[in-house]
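Read off the chains here:
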Amino acid sequence: MLVTGKQILDHANENGYAVGAFNVNNMEIVQAIIRAAEETQSPVILQASQGAIKYAEIEYISAMAKVAAEKASVPVALHLDHGTDFQQIMLCLRHGFTSVMIDASKHSLDENIEISKQIVDISHAVGVSVEAELGKIGGTEDDITVDEREATMTDPDEAERFVKETGIDSLAIAVGTAHGPYKGEPKLDFDRIKAIKERLNIPLVLHGSSGVPEESIKKAVANGINKINIDTDIRMAFNRAVRSFINDNPDAYDPRKILGPGRKEAQSIIADKMRMFESSGKAWK
Ligand code: G3H
Ligand code: 13P
Ligand code: ZN
């Protein structure tokens, strides 16, 4: 069942759990996510980045995700991840995405508000939910110190103004995570999550969640995170299984035999995440 991002995240916010938003790049990953969601009876968000849309083409990715959602026995939203381009976001609205992210976090606060509000006005007019980002969630490869990372974190006062003036449905916050594989263990600022949640009480989003230990994920959820973005851990699981199959079967040439183990391994780690986020068993009819 295809639903909006807001329906999924408001349910998570009201019931104190988090929904996994998993990045899709191809059919096998779409299927892995939906199979894991059905296995755990979990609501789920399929999200496509601009890079994924460029790779797979918007017609294919939206058609696959819509078929998957309509066939699924659990609620599914189709979301644009890190949209930075007005035209790209309009194309997603036209292709049936039920949620979009406007990421104008590299701009000043005033510009971020202005750009995000424009997307909210248009998207809400056609019933699509909007996530925006405040603070800067970088990459793990960014060579910055702990103090510099701290300076990019979301300020609770600014967050309150940002949400009031834009009317967004959910907010991605910078609280110590980063995109990609971590070198050490990420240190999350749980007090900051709590402070932001107390001011806003809207669904909060944690990006860069691959490689964050279970204990930190659980604490983040307890403090108010309702959407958890996972990409790198899926890529790694897929890659691990495909490589291992090819190593064991060097003469294999059938793509179904080669990619099938990737799909299975991805499903397994996604189902584990759903249990960790406590979204398992929360699907509704
Ligand atoms: O946050 C970024 C996601 O991991 C998507 O990455 O732009 O390489 O598709 P990508
Ligand atoms: P990871 O690749 O670090 O899991 O981050 C995913 C993400 O935040 C997508 O927006
Ligand atoms: Zn992200």
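The preceding data block contains the structure.
Residues numbered from 1 in each chain as written. Chains lettered and ligands numbered in written order. Predicted model: local features only at pLDDT ≥ 70, side-chain atom pairs only at ≥ 80, totals over all residues. Heavy atoms only, no water.

A. Up close: the site of ligand 1. Around ligand 1, the neighbouring residues are Asn 23, Ser 49, Asp 81, His 82, His 179, Asp 231 and Arg 235. Note that an oxygen atom of ligand 1 is positioned 3.2 Å from one of the side-chain N or O atoms of His 179. The protein chains hide 65% of the 300 Å² of surface that ligand 1 would expose on its own. Among the residues making up the shell around ligand 1, the classes are represented as no nonpolar, four polar and three charged. (Near = heavy atom within 4 Å. Polar contact = N/O pair within 3.5 Å; in protein donor to acceptor, adjacent residues only side chain to side chain. Areas by Shrake-Rupley, 256 points an atom, 1.4 Å probe, with all protein chains shown as cover. Nonpolar A, V, L, I, M, F, W, Y, C, P; charged D, E, K, R; others polar.)

B. How the structure looks around the site of ligand 2. In the vicinity of ligand 2 there are 15 residues, among which Asp 81, Gly 208, Ser 210, Asp 231 and Thr 232 approach most closely. Gly 208 is positioned with one of its backbone polar atoms (N or O) 2.9 Å from an oxygen atom of ligand 2. The side chain of Ser 210 places a nitrogen or oxygen atom 2.5 Å from an oxygen atom of ligand 2. About the coverage of ligand 2: the protein hides 96% of its 310 Å² of free accessible area. Elements that contribute at least two residues to the shell around ligand 2 include exactly strand E3 (76–83) and strand E8 (225–230). (Helix = DSSP H or I, 4+ residues; strand = E, 2+ residues; numbered from the N terminus.)

C. Looking closely at the coordination of the zinc ion (ligand 3). For the zinc ion (ligand 3), the protein coordination sphere consists of His 82 (NE2), His 179 (NE2) and His 207 (ND1), at 2.1 Å. One chain supplies every donor to the zinc ion (ligand 3), and in sequence these donors are spaced H-x96-H-x27-H. Here His 82, found in strand E3, pairs with His 179, found in the loop between strand E6 (170–173) and helix H9 (190–200); they are 97 residues apart in sequence, far enough to count as distant. (Donors = N, O, S within 2.8 Å, 3.2 Å for Na, K, Ca; no water.)

D. The arrangement of a negative patch on the surface in detail. A cluster of like negative charges, contributed by Glu 141, Asp 142, Asp 143, Asp 147 and Glu 148, occupies part of the molecular surface. Among the secondary structure elements, Glu 141 is positioned in the loop between strand E5 (129–134) and helix H7 (146–151). (Patch = residues over 30% accessible without salt bridge, like charges linked within 9 Å, V, L, I, M, F, W, Y side chains within 5 Å. Salt bridge = Lys/Arg side-chain N within 4 Å of Asp/Glu carboxyl O. Lys, Arg positive; Asp, Glu negative; His and termini not counted. Charge placed at Lys NZ, Arg CZ, Asp CG, Glu CD.)

E. Up close: helix H10 (residues 214–222). Every buried residue of H10 is listed here: Ser 216, Ile 217, Ala 220 and Val 221. Each buried residue of H10 sits inside an arc of 135° when the element is viewed along its axis, so together they form one side. Turned more than 90 degrees off the buried face of H10, the exposed positions are Glu 215 and Ala 222. On its buried side, H10 packs onto H9, strand E7 (204–206), E8 and helix H12 (255–276). Phi turns positive one or two residues past the end of H10, at Gly 224, with a value near 130°. (Buried < 20%, exposed > 50% of the residue type's maximum accessible area, 1.4 Å probe, protein only. Arc of directions from axis to C-beta. Contact = heavy atoms within 4.5 Å.)

F. A look at the sheet that holds E5. Overall, parallel pairing links the eight strands, which are arranged E1-E2-E3-E4-E5-E6-E7-E8 in a closed barrel. Here the strands of the sheet are splayed against their neighbours by 25° on average, with no regard to which way each runs. Of the strand pairs in this sheet, E6 and E7 are connected by two bridges, and their pairing is parallel. By the bridge assignment for E7, Leu 171 is matched with Leu 204. Against the sheet, H10 makes contact with E7 and E8, and its axis sits at roughly 145° relative to E8, the strand it touches most. (Pairing = 2+ DSSP bridges. Axes fitted to C-alpha atoms, helices over the stretch in contact; angles between N-to-C directions.)

G. Fine view of the packing of helix H2 (residues 27–40) against H12. Put simply, H2 and H12 touch, their axes get as near as 8 Å, and they point 40° apart. In terms of orientation, H2 and H12 fall into the oblique class. H12 is crossed by H2, and the crossing has right-handed handedness. On H12, the residues that touch Glu 28, Gln 31, Ala 32, Ile 33, Arg 35, Ala 36, Ala 37, Glu 39 and Thr 40 of H2 are Leu 259, Arg 263, Ala 266, Gln 267, Ile 270, Ala 271, Met 274 and Arg 275. By residue class, the composition of the contact of H2 with H12 is nine nonpolar, three polar and five charged. (Parallel < 35°, antiparallel > 145°, perpendicular 65-115°, else oblique. Left-handed = near helix turned anticlockwise from the far one by under 90°.)

H. How the structure looks around unusual backbone geometry. One non-glycine residue, Asn 201, lies in positive phi territory at about 45°. Here Asn 201 lies in the loop between H9 and E7. Given a relative accessible area of 53%, Asn 201 falls into the exposed group. Even without glycine at this site, Glu 278 takes up a positive phi of about 65°. Position of Glu 278 among the secondary structure elements: in the segment after H12.

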